[in-house]
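Read off the chains here:
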Amino acid sequence: MSLDQLVDKIVEKIQDELESRESFEVEASGRHVHLSQKDLDTLFGHGYQLTKAKDLSQPGQYACQERLTVLGPKGSFHNVVILGPVRGESQVEVSLTDCLQLGTKAPIRESGDIEGTPGVILANGNKVVSLDKGLIVAKRHVHMTPEDAARAGVENHEIVQVKVEGERPLIFDDVVIRVSPKFATYMHIDYDEANACGFKKGTRGHIIKKK
Ligand SMILES: [Zn+2]
């Protein structure tokens, strides 16, 4: 091996090491509903409290035992999980494939950014709420602690590329970075994206630096 080749090999090894140090776990989010207390009251009864079934990776967030039916013009989904705690406004997150089944088009948005989005119908038995907005396809994102963001050299709301490793590695573009001390560092993709990259539990990704 020539000296140049050796240097190249060492540089490659260092890059790999830095990438693995800055990598994070990827999680795939299925379709789910966030509810306002007002809509929770309508669907489950006045003053109803959600029942935690399982903590999620983001501190304070949890999947609930309660399930809902989500109805669109063409089709519906039963047993859709509600994620707690309650929020200021109800929001339904689906994949683009789900949209085809529902017969609705939903825009790709960051969570909470629901102005001008289409509505959808939520049902719990014979109790129904007709949302006039709130149906979105979540924009893929990385939740980061301020420490991890600083280490990776990225800022809140920055748009980056993320390479997801595995049997079917894929570089995702247009990934939004979300930084908060309330977060744990994880990337979130939906099931369409998960299938595209051969996602399995434990799949990791890392930010690709623009040269
Ligand atoms: Zn998320």
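Check the entry above for the structure.
Our subject in this report is the structure included herewith. The model shown is predicted, which means the values in this text are computed figures rather than measured ones.

### A closer look at the overall build of the protein
Scanning the protein from terminus to terminus reveals five helices and 15 strands. Taking the principal axes of its C-alpha atoms as reference, the protein extends roughly 75 × 35 × 30 Å. Scored against the burial criterion, the 211 residues of the protein give a buried share of 40%. Sequence separation of at least 24 residues holds for 66% of the intrachain contacts in the protein that already meet a minimum separation of 6.

### Here we look at the sheet that holds strand E14 (residues 186–190)
Here six strands make up a closed barrel; going around it, the order is E1-E14-E11-E13-E12-E15 and the pairing mixed. Pairwise comparison of adjacent strand axes, ignoring direction, gives a mean angle of 45 degrees for this sheet. As paired elements, strand E1 (residues 24–29) and strand E15 (residues 204–208) share two bridges and run antiparallel to each other. Of the residues in E15, the one forming a bridge with Glu25 is Arg204.

### Thoughts on the pattern of salt bridges
Taken as a whole, this structure holds 10 salt bridges when the rule is applied. Where Asp55 meets Lys52, a salt bridge forms, and the shortest distance between an N and an O atom there is 3.1 Å. Residue Lys52 is classed as partly exposed on the basis of its relative accessible area of 47%. In this structure, Asp174 engages Lys139 in a salt bridge whose closest nitrogen and oxygen atoms are separated by 3.2 Å. Note that Asp174 is positioned in strand E13 (residues 170–179) and Lys139 in the loop between strand E10 (135–138) and strand E11 (141–144), a separation of 35 residues in sequence.

### A few points about the coordination of the zinc ion
Those protein atoms acting as donors to the zinc ion are His141 (NE2), His143 (NE2) and His188 (ND1), and they sit at 2.0 to 2.1 Å. Every donor residue of the zinc ion comes from the same chain, spaced as H-x1-H-x44-H. Residue His141 is found in strand E11, and its partner His188 is found in strand E14; the two are separated by 47 residues along the sequence. Here His141 matches His188 in class, with each residue buried.

### Comments concerning the side chain of His141
When its relative accessible area of 8% is taken as the criterion, His141 is described as buried. Reaching out from His141, the side chain makes a polar contact with the backbone oxygen of Lys139 at a distance of 2.8 Å. Other than its neighbours up to four places away in sequence, His141 contacts Val175, Val176, Arg178, Tyr186, Met187 and His188.

Thresholds, definitions, all that
- Residues numbered from 1 in each chain as written.
- Predicted model: local features only at pLDDT ≥ 70, side-chain atom pairs only at ≥ 80, totals over all residues.
- Heavy atoms only, no water.
- Helix = DSSP H or I, 4+ residues; strand = E, 2+ residues; numbered from the N terminus.
- Buried < 20%, exposed > 50% of the residue type's maximum accessible area, 1.4 Å probe, protein only.
- Contact = heavy atoms within 4.5 Å.
- Pairing = 2+ DSSP bridges.
- Axes fitted to C-alpha atoms, helices over the stretch in contact; angles between N-to-C directions.
- Salt bridge = Lys/Arg side-chain N within 4 Å of Asp/Glu carboxyl O.
- Donors = N, O, S within 2.8 Å, 3.2 Å for Na, K, Ca; no water.
- Polar contact = N/O pair within 3.5 Å; in protein donor to acceptor, adjacent residues only side chain to side chain.

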